[in-house]
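Coordinate inspection notes
Now for the letters of each chain:
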Amino acid sequence: MQVIAANLNESHESQEKSAKTKYIFVTGGVVSSLGKGLTSAAVGLLLESRGLKISLQKFDPYINLDPGTMSPYQHGEVYVTEDGAETDLDLGHYERFTQARITRDSNYTTGKIYNAVIQKERRGDYLGSTVQVVPHITDEIKASIERVASEDVDVVISEIGGTVGDIESLPFLEAIRQFALEKGRDRVMFIHLTLLPYLQASDEIKTKPTQHSVGRLREIGILPDILICRTEKEISDEIKKKIALFCNVPLEGVIEEKDVDFSIYEVPVVLRRQNLDTLILDRFRIQPQKSDLSRWEEILEILRSPEMETEITLVGKYVKLNDAYKSIYEALTHAGIFHRALVKVKKVQAEVIERDGAEALLQGAKAILVPGGFGIRGIEGKIQAIEYARANQVPFLGICLGMQCACVEFARHVLQLEGAHSTEFDRQTPQPVISLLEEQEKVTQMGGTMRLGAYPCQIKPGTLASQAYGRERVQERHRHRYEFNNFYRDPFAGAGMIFSGLSPDGSLVEIIELARHPWFLACQFHPEFKSKPVDPHPLFRDFVKASIEYSLKAKKEERVHGVR
Ligand code: GLN
């Protein structure tokens, strides 16, 4: 009895705590990959621009506890939060667009929800009852929504992954239906993202799939307040009226989200033009501040008409997938915004370098980036690309595996330690310059067992890193098992490697640079996760600057010596 009373008090308290908080649920219909994540982030930004504090969250209907063990082919990038959760890449959009606090509570999968319920069942928390999808799973989902609704949050935006009609997403939709009933419809809003396909043969935009998808939602008991319609072509008032009538949505709630021309950062502006923010505020009866999106508009202006152009060559394993290095591409764009430059990315498959040689693929490169990764495929190609950057004085940025490869390259070609490798790829290497720490040696489980999340890093004065950060202590996010082997610190330093970032106790190498090179820096962490269009990451900012300077110098030399 006492347990129940305590639980009741707790839930009563948490309800009281967030009594003012409003909730927006974003669902998707017709097809997947409609950009629900981007749209949710854009809604977040619009509400922040009206002075509100928001929280963003995503539910993923798959059974993995998190995407940490999934292949980039399945899932694209794994985004790492400050508190060390491996999450969906949509959370990257949330952080890039808004100030929302993104933590491990910002991403729940079906697996994570069931895991929590099963643990409670084993503890005996359900006091002998039969544990079921309704109410136990749906209760757990509702509790997860409440978890991001802290006292100071005005609006929680929760995105439901997947497509309406999927078997997997049903418990989530059922939970948000119940949630709306419990909180009251004046505190909950449903936004449904849908596709309006264009048929070239008849030159028509079709609304039927949208009608069906809203029909499915209504069967479940969810009546959308706003429909955001993804479309290739502009939609006429006629079509909007038709959608409003058939889908039972007010006309002003039918919002067009046409494919953007040049940047994803246009989305908030497109939605504001149709008063989406005002519509939400009116519905929630929130007294708004005047909208201020001026910083954002400045960014768009630079993206629309950059003053110059540069190109970064990325040497990786998943160059054909747009999503595998998502945050890196975004961070490069942010750095470009800072320099008013368009940053193009040339993607080179590491294995092709192994086949055709670095010279053939990298000649003319203005800057080379080797991103993070796992597994041996393409490793030698990455090492060759790094050798090319080092020997030819081409600006270089290595991230995580990119830093580890840079150390292997340095050991092999500068220190002449021919067999040098990371023990991830060659357990028997005579020169294990990258290896596991003792505590990692004992780990047998794959999921969630890496060095994850933010760790402090002490920056050495007088280095490229210190020039970039302008600070002695930074926090950066990690996702790796292997580390630089300290046995090699002295010989590396003696041959011109600078250890410009270390863990505060000096035991872990976090950033390396080369003394005899204009801009060569590699880090064990992932700086791309902390870059925003309004606040580019200092390392990306300076790397892109180095690429601009390098190409200006190359052009000058071309003029003096003629084309090489
Ligand atoms: N595979 C390497 C490690 O586990 C690097 C990981 C990464 O680049 N994120 O240490």
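Scope of this entry: the structure provided in the associated data block. (Residues numbered from 1 in each chain as written. Predicted model: local features only at pLDDT ≥ 70, side-chain atom pairs only at ≥ 80, totals over all residues. Heavy atoms only, no water.)

Let us look at the overall build of the protein. Counting its secondary structure elements, the protein contains 21 helices and 23 strands. Each of the three principal axes of the protein carries a C-alpha extent, and together these read 70 × 60 × 45 Å. For the protein, the residues scored as buried account for 55% of the 564 residues in total. Summarising the internal contacts of the protein: among those between residues at least 6 apart in sequence, 73% fall at separations of at least 24. About 25,600 Å² of surface is accessible on the protein, with carbon and sulfur atoms providing 49% of the total. Charged side chains in the protein number 70 positive and 79 negative. The centres of these two groups are separated by 2 Å. (Helix = DSSP H or I, 4+ residues; strand = E, 2+ residues; numbered from the N terminus. Buried < 20%, exposed > 50% of the residue type's maximum accessible area, 1.4 Å probe, protein only. Contact = heavy atoms within 4.5 Å. Areas by Shrake-Rupley, 256 points an atom, 1.4 Å probe, with all protein chains shown as cover. Lys, Arg positive; Asp, Glu negative; His and termini not counted. Charge placed at Lys NZ, Arg CZ, Asp CG, Glu CD.)

Residues in close proximity to the ligand include Gly372, Gly373, Phe374, Cys400, Leu401, Gln404, Glu424, Arg479, His480, Arg481, Tyr482 and His526, which together make up its full environment. Here Gly373 contributes a backbone N or O atom positioned 2.8 Å from an oxygen atom of the ligand. In the environment of the ligand, an oxygen atom lies 3.0 Å from a nitrogen or oxygen atom belonging to the backbone of Arg481. Coverage of the ligand by the protein chains reaches 98% of its 300 Å² of free accessible surface. Contributions of two or more residues to the shell around the ligand are made by helix H17 (401-413) and strand E19 (473-480). Of the residues that constitute the shell around the ligand, the class distribution is four nonpolar, five polar and three charged. (Near = heavy atom within 4 Å. Polar contact = N/O pair within 3.5 Å; in protein donor to acceptor, adjacent residues only side chain to side chain. Nonpolar A, V, L, I, M, F, W, Y, C, P; charged D, E, K, R; others polar.)

Our focus in this paragraph is the sheet that holds strand E16 (residues 420-422). Read across the sheet, three strands follow the order E16-E17-E20 without closing on themselves; strand pairing throughout is mixed. Every other strand in the sheet has two partners, leaving E16 and strand E20 (482-484) as the edge strands with one partner each. Looking at each pair of strands side by side, their axes are set apart by 30° on average, direction ignored. Two strands pair when backbone bridges link them, and E16 and strand E17 (residues 431-436) are joined in this way by three bridges, in the parallel orientation. Paired with Ser422 across the two strands is Ile434, which belongs to E17. (Pairing = 2+ DSSP bridges. Axes fitted to C-alpha atoms, helices over the stretch in contact; angles between N-to-C directions.)

Packing of helix H5 (residues 110-123) against helix H6 (residues 133-147) leaves a shortest axis separation of 10 Å and a crossing angle of 115°. As H5 runs across H6, the sense of the crossing is right-handed. In this structure, H5 uses Ile113, Tyr114, Ala116, Val117 and Lys120 to contact H6, whose residues at the interface are Val133, His136, Ile137, Glu140, Ile141 and Ser144. Considering only residue class, the contact of H5 with H6 consists of seven nonpolar, two polar and two charged. (Left-handed = near helix turned anticlockwise from the far one by under 90°.)

What follows concerns the sheet that holds strand E11 (residues 254-258). Spatially, E5-E2-E6-E1-E7-E10-E11 is the arrangement adopted by the seven strands of the open sheet, whose pairing is parallel. Of all strands in the sheet, those with a lone pairing partner are strand E5 (107-109) and E11, marking the two edges. On average, adjacent strands in this sheet sit at an angle of 20° to one another, irrespective of strand direction. In the sheet, strand E2 (residues 54-60) pairs with E5 via three bridges, with the strands oriented parallel. Counted as the bridge partner of Asp60 is Thr109 from E5. Contacts from H5 reach E2 and E5, with the element oriented near 75° to E5.

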